[in-house]
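# Remarks on the overall topology
The primary structure of each chain is shown beneath.
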Amino acid sequence: MSEFWKTSISEVRPNEIYVRGYALEELAARRSFGDIVHLLLTGELPAGNEGRLIEAILVTCCEHSLASPSVDAVRFVASSGVPLQTAVAAGVSSVGEAHGGAIEPCARLLKSAVERGQTARSLLEELKTQNRRMPGFGHSLHTRDPRAPLLFKLAKQWRLFGPHSKFVGDIEAATEAVFGKLLPPNVDGAIAGLMCDMNVDPALGKAFFIIGRAPGYVAHAHEQVTAERPFKAAAHDEITYTGPGRRPVPLPTDERK
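These lines cover the structure that appears in this document, whether it is placed above or below. (Residues numbered from 1 in each chain as written. Predicted model: local features only at pLDDT ≥ 70, side-chain atom pairs only at ≥ 80, totals over all residues. Heavy atoms only, no water.)

A separate point is a nonpolar patch on the surface. On the surface, Val12, Ile17 and Leu24 cluster together into a nonpolar patch covering about 250 Å² of accessible area. Along the polypeptide, Leu24 turns up in helix α1 (residues 24–30). We classify Leu24 as partly exposed; its relative accessible area is 36%. (Patch = residues over 30% accessible without salt bridge, like charges linked within 9 Å, V, L, I, M, F, W, Y side chains within 5 Å. Areas by Shrake-Rupley, 256 points an atom, 1.4 Å probe, with all protein chains shown as cover. Salt bridge = Lys/Arg side-chain N within 4 Å of Asp/Glu carboxyl O. Helix = DSSP H or I, 4+ residues; strand = E, 2+ residues; numbered from the N terminus. Buried < 20%, exposed > 50% of the residue type's maximum accessible area, 1.4 Å probe, protein only.)

Here you go:
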């Protein structure tokens, strides 16, 4: 038997499906979706309320209207007449460093600072010296992102509020002294702290955004196809050309005389 393909995530045999060693039908009957996400990402079922907290995180990520590059991508692509999965894939592919990408770097900074015993002010001063932003703080629309305090409240209620989440609050308290203005954590900063407290690898930061936002992508793609006109594009009077004016095309070198 070839051993080229290996995985510790699942095993499928005739009439049997196992995820991390657990029978899929038993998981479906006894555990929540959040529990299964935890199992898939960490390798183990949660010992406490981690699954409930993960589900709350996914809900906070599920929708943020059209003020979102990935949702715009879904709408544009769906309006071209492609299948549902293609439009949704366009949204997932639009998740990048500037959109949905703050969770991972924030989690890495939190994890490193807590491990080293670094103070929040010291971390911010270090970033300021390097001319770097603190990811996961501040928001272009919300003066105080309502999703962050909700997640922290639930984490405390379910006894999952740990040192990394506490450090997020320490950072907020230090932002005014270092940056000259108060920067509350946004949903990315909250997720970063909570995933570290749940021992989820920071490299999986975008996973929460992608998994949570997928239903929103589906809804937008469906609405675009069923309720809006096809061919969504910028109007001609909304486009400003900034290139050179009309100019003659030179002849190829071998035709010049």
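Read on, since the account is not over.
Further remarks concern the pairing of strand β1 (residues 10–13). Strand direction decides the pairing type here: β1 and strand β2 (residues 16–19), joined by 4 bridges, are antiparallel. For Ser10, the partnering residue across the bridge sits in β2 and is Val19. Connecting β1 to the next strand, β2, in antiparallel fashion are 2 residues, including Asn15 with a positive phi near 70°. (Pairing = 2+ DSSP bridges.)

Take the environment of Arg116 next. Its location among the elements puts Arg116 in helix α6 (residues 103–116). Along the primary structure Arg116 and Leu251 are separated by 135 residues, whereas in three dimensions their C-alpha atoms are 66 Å apart.

What follows deals with unusual backbone geometry. For Asn15, which is not a glycine, the phi torsion comes out positive at approximately 70°. You can call Asn15 exposed: its relative accessible area is 82%. If you check the backbone angles, Arg20 has positive phi at about 50° while not being a glycine. Under the relative-accessibility criterion, Arg20 is labelled partly exposed at 23%.

As a further point, take the layout of surface pockets. Approximately 660 Å³ is the volume attributed to the largest pocket. In terms of lining, the largest pocket is formed by 28 residues, of which the most central are Ala98, Gly100, His139, Asn186 and Asp188. Of all elements in the fold, only α10 (187–197) and α11 (205–227) reach the threshold of two or more residues within the lining of the largest pocket. (1 Å grid on protein atoms, 1.4 Å probe; cavity = no way out; pocket = protein on both sides within 12 Å on 5 of 7 lines; lining within 4 Å. Points joined across faces, edges and corners; volume = space filled by probe spheres on them.)

All told, the structure shown has 2 aromatic pairs when counted by the stated rule. Ring geometry for Phe4 and Trp5: centres 5.4 Å apart, planes at 85°, overall edge-to-face. When its relative accessible area of 66% is taken as the criterion, Phe4 is described as exposed. With relative accessibility at 76%, the residue Trp5 sits in the exposed group. Residues Phe152 and Phe161 carry aromatic rings whose centres are separated by 5.6 Å and whose planes lie at 85° to one another, so their mutual orientation is edge-to-face. The exposure class assigned to Phe152 is buried, which follows from its relative accessible area of 11%. Here Lys156 stacks its cationic end above the ring of Phe161, 4.7 Å away from the centre of that ring. (Phe/Tyr/Trp six-rings, centres within 6.5 Å; stacked < 30°, edge-to-face > 60°. Lys NZ or Arg CZ within 6 Å of the ring centre and 35° of its normal.)

Glancing now at the sheet that holds β1. Overall, antiparallel pairing links the 3 strands, which are arranged β1-β2-β3 in an open sheet. Lying at the two open borders of the sheet, with one neighbouring strand each, are β1 and β3 (22–23).

This paragraph deals with the side chain of His220. Here His220 lies in helix α11. Under the relative-accessibility criterion, His220 is labelled buried at 9%. Polar side-chain contacts of His220 include one of 2.6 Å to the side chain of Glu63. Once residues within four sequence positions are removed from consideration, His220 is found in contact with Glu63, Ser65, Leu66, Val71, Val74 and Arg75. (Polar contact = N/O pair within 3.5 Å; in protein donor to acceptor, adjacent residues only side chain to side chain. Contact = heavy atoms within 4.5 Å.)

That's the geometry; what it means functionally is another story.
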